[in-house]
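Per-entry structural report
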Amino acid sequence: MRYGAGPISDRGGRYRSAMARPRWLDRWRRSQEPERSHTVFVFSGGSVRGAAQAGMLRVLLHRGIFPDEVVGVSAGALNGAFLAHDPTVAQVDLLESVWRDVADKAPIRGSVIRNVASIIRGRPSFDPGERLRAVIAEHVPMEDLADIAVPCHVGTTDASTGQVAWWTSGPVVDLLCATTAVPGVLPAVELSDGQRHIDGGVVSNIPLRKAVSLAPTRLVVLDVAAKFTPAEKQTALSLMMVGIRAAAAELTRQQWLDVPTDLAVLHLELPTVDDAPDFEFDLVPDLIEAGAEAAERVLDRLDAAV
């Protein structure tokens, strides 16, 4: 006779019941925990249109929408890194003032004669990048990308492989000069991996795939990417950019398809008519306000739908 033990089948039932209780208890405990919230701000590239993101940020933060993590490329990386250092309304006000200073003193030379001379002499870029580097060094609030309040991912393109590289630490001036190095316009920048890097927007102009990999519960997409200008309105420089934009647009379309359908996405898009020029910095004040207005429209529509 077996003491203290029932039939084998009965013991099995008790065992299964005993095991089920802890699992049920775990489920109950999880249901009592506050729902995880992780908002990722996604900053697209867009050259001078990046100024509109400052206006968008003004509206977002005033509405109480703040990032837990930031992803950015090209001009968007400048804005993203600046915000990630101190995600406050006061920091956004400072960012706007930086853009307005840029409008008064363009960081990229626009002389047609100088650009043609650069081509004839076989130089790798129209502009040496010295002005832009000086502007970034003067205004960037930290030395290393890791010295920030919320994680910031800056994307660059490895010029030797065409692959996107993501950075969360390293000399911030070098990284931001690299991610804004529009091919042919600004020189490639050698980074700590020993490779030369160019504009992150070449491969991932709206870096949705990287943002999704961070397991967000909400994406806030600040989209100021360029649209296509009718051919008759193109300049020589913008025609050179058509191939890059076409490839970037297709890659962006594919990345939108990768965004889970059940993921909350707030898409703020800068409306453009026949596109805004890439390097006309006198448009900065208007672009800042256009970005703010675009954000207000989207958020007001959402509020009305609630």
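Up top you'll find the structure we're talking about.
All of the points below concern the structure found in this document. Counting starts from 1 at the beginning of each chain's written sequence and moves along it residue by residue. This being a predicted model, a pLDDT of at least 70 is required before a residue's local features are given, and a value of 80 or more before pairs of side-chain atoms are given or counted; all residues contribute to the totals for chains, interfaces and linings. Only hydrogens and water are set aside; all other atoms, that is, all heavy atoms of the structure, feed into the side-chain values.

**Things to note about the nonpolar core**
By nonpolar core is meant a set of buried Ala, Val, Leu, Ile, Met, Phe, Trp, Tyr and Cys residues that side-chain atoms within 4.5 Å join together. Exposure classes here rest on a 1.4 Å probe applied to the protein chains alone. A residue is buried below 20% of its type maximum, exposed above 50%, and partly exposed in between. Ranked by size, the top nonpolar core spans 62 residues in total, and within it Phe41, Leu57, Leu60 and Leu145 carry the most contacts. With eight residues, the top contributor of residues to this core is helix H2 (residues 51–62). Contacts are assigned to residue pairs with any non-hydrogen atoms lying within 4.5 Å of each other. Every residue in contact with Leu145, bar those within four places of it in the chain, is listed here: Ala81, Cys152, Val154, Trp167, Thr168, Ser169, Gly170, Val172 and Leu175. With 12 residues, the next largest nonpolar core counts Ile206, Leu219, Val259 and Leu263 among its residues. Here a strand is any run of E in DSSP of at least two residues, a helix any run of H or I of at least four, and the numbering for each starts at the N terminus.

**Thoughts on the environment of Asp199**
Here Asp199 shows up in the loop between strand E6 (196–198) and helix H8 (208–213). The exposure class assigned to Asp199 is buried, which follows from its relative accessible area of 7%. With 41 residues separating them along the chain, Asp199 and Asp158 place their C-alpha atoms 8.9 Å apart. Ignoring sequence-local partners within four residues, the contact set of Asp199 consists of Ser74, Thr157, Ala178, Thr179, Ala181, Val182 and Pro183. A polar contact of 3.1 Å, which involves the side chain of Asp199, links it to the side chain of Ser74. A 3.5 Å cut-off defines polar contacts: any pair of N or O atoms within that distance qualifies, except that in protein one atom must be a possible hydrogen donor and the other a possible acceptor, and neighbouring residues in sequence count only when both atoms are side-chain atoms.

**Notes on the pairing of strand E1 (residues 39–43)**
Where burial is concerned, most of E1 is hidden: five out of the five residues are buried. Here E1 shows no split at all, with Thr39, Phe41 and Phe43 on one side and Val40 and Val42 on the other all buried. Judged from the four bridges that link them, E1 and strand E2 (residues 69–73) form a sheet pairing that is parallel. Within the sheet, the bridge partner assigned to Val40 lies in E2 and is Glu69. In terms of handedness, the path from E1 via H2 over to E2 forms a crossover that is right-handed. Only strands joined by at least two bridges in the DSSP assignment are considered to pair. Orient the strands so they point away from the viewer; a crossover is then right-handed if the path from the first strand over the helix to the second runs clockwise.

**Structural notes on the packing of aromatic side chains**
Any two rings among Phe, Tyr and Trp, with Trp reduced to its six-membered ring, count as a pair given centres within 6.5 Å; such a pair is stacked if its planes are under 30 degrees apart, edge-to-face if over 60, and tilted if neither. This model, assessed by the stated rule, comprises one aromatic pair. Measuring from ring centre to ring centre gives 6.4 Å for Phe41 and Phe43, while their planes differ by 50 degrees; the resulting arrangement is tilted. You can call Phe43 buried: its relative accessible area is 0%.

**Section: the pattern of salt bridges**
One side-chain nitrogen of Lys or Arg within 4 Å of one carboxyl oxygen of Asp or Glu is enough to make a salt bridge. Tallying each qualifying case throughout the model produces 10 salt bridges. In this structure, Arg133 engages Asp174 in a salt bridge whose closest nitrogen and oxygen atoms are separated by 3.0 Å. Of this pair, Arg133 sits in helix H6 (residues 130–139) while Asp174 is found in helix H7 (residues 172–179), placing the two residues 41 residues apart along the sequence. Residue classification places Arg133 among the partly exposed positions, given a relative accessible area of 33%. Of the charged contacts in the structure, one is a salt bridge between Asp258 and Arg209, with a shortest N-O distance of 2.6 Å. On the criterion of sequence distance, the pair formed by Asp258 in the loop between helix H9 (236–257) and strand E8 (264–269) and Arg209 in helix H8 is long-range, its members being 49 residues apart. Taking relative accessible area as the criterion, Arg209 reaches 43% and is therefore assigned partly exposed. If you follow the salt bridges from partner to partner, you end up with Arg58, Glu96, Arg100 and Glu289 in one network.

**Quick word on helix H10 (residues 284–305)**
To estimate the expected span of a helix, count its residues, drop one, and scale the result by 1.5 Å. Over its 22 residues, H10 runs 32 Å from end to end, which matches the ideal 32 Å to within 8%, given 1.5 Å per residue. All of the buried residues along H10 are Val284, Leu287, Ile288, Gly291, Ala292, Ala294, Ala295, Val298 and Leu299. Projected onto a plane normal to the axis of H10, the buried residues spread over an arc of 155 degrees and lie on a single side. Turned more than 90 degrees away from the buried face of H10 sit Asp286, Arg301 and Ala304, all of them exposed. Of the surrounding elements, those touching the buried residues of H10 are H2, helix H4 (89–104) and E8. The arc in question is formed by the directions pointing from the helix axis toward the C-beta atoms.

**What to know about the packing of helix H3 (residues 74–85) against H4**
Running from N to C, H3 and H4 cross one another at 145 degrees; their axes reach a closest spacing of 9 Å. The two elements H3 and H4 meet at a crossing, and its hand is right-handed. Across from Asn79, Phe82, Leu83 and His85 in H3, the residues of H4 making contact are Gln91, Val92, Leu94, Leu95, Val98 and Trp99. Looking at side-chain class alone, the contact of H3 with H4 contains seven nonpolar, three polar and no charged residues. Interaxial angle, 0 to 180 degrees, is taken between N-to-C directions of lines fitted to C-alpha atoms, where a helix line uses only the stretch in contact. For a crossing to be left-handed, the near helix must be turned anticlockwise from the far one by less than a right angle; the clockwise case is right-handed. Just so you know the grouping, Ala, Val, Leu, Ile, Met, Phe, Trp, Tyr, Cys and Pro go in nonpolar, Asp, Glu, Lys and Arg go in charged, and all remaining residues, Gly too, go in polar.

**A short note on the side chain of Thr39**
Along the chain, Thr39 turns up in strand E1. Separated by 3.2 Å, the side chains of Thr39 and Arg218 make a polar contact. Excluding anything up to four places from it in sequence, Thr39 contacts Phe66, Pro67, Asp68, Glu69, Thr217, Arg218 and Val220.

**Here's the deal with the pairing of strand E4 (residues 164–167)**
Only one face of E4 is covered, namely the face carrying Ala165 and Trp167; the face carrying Val164 and Trp166 is uncovered. Where strand E3 (residues 152–158) meets E4, four bridges bridge the pair, whose relative direction is antiparallel. Bridge assignment links Gly155 to a residue of E4, and that residue is Trp166. Where E3 hands over to E4, the hairpin turn is made up of five residues, of which Gly162 adopts a positive phi near 75 degrees.

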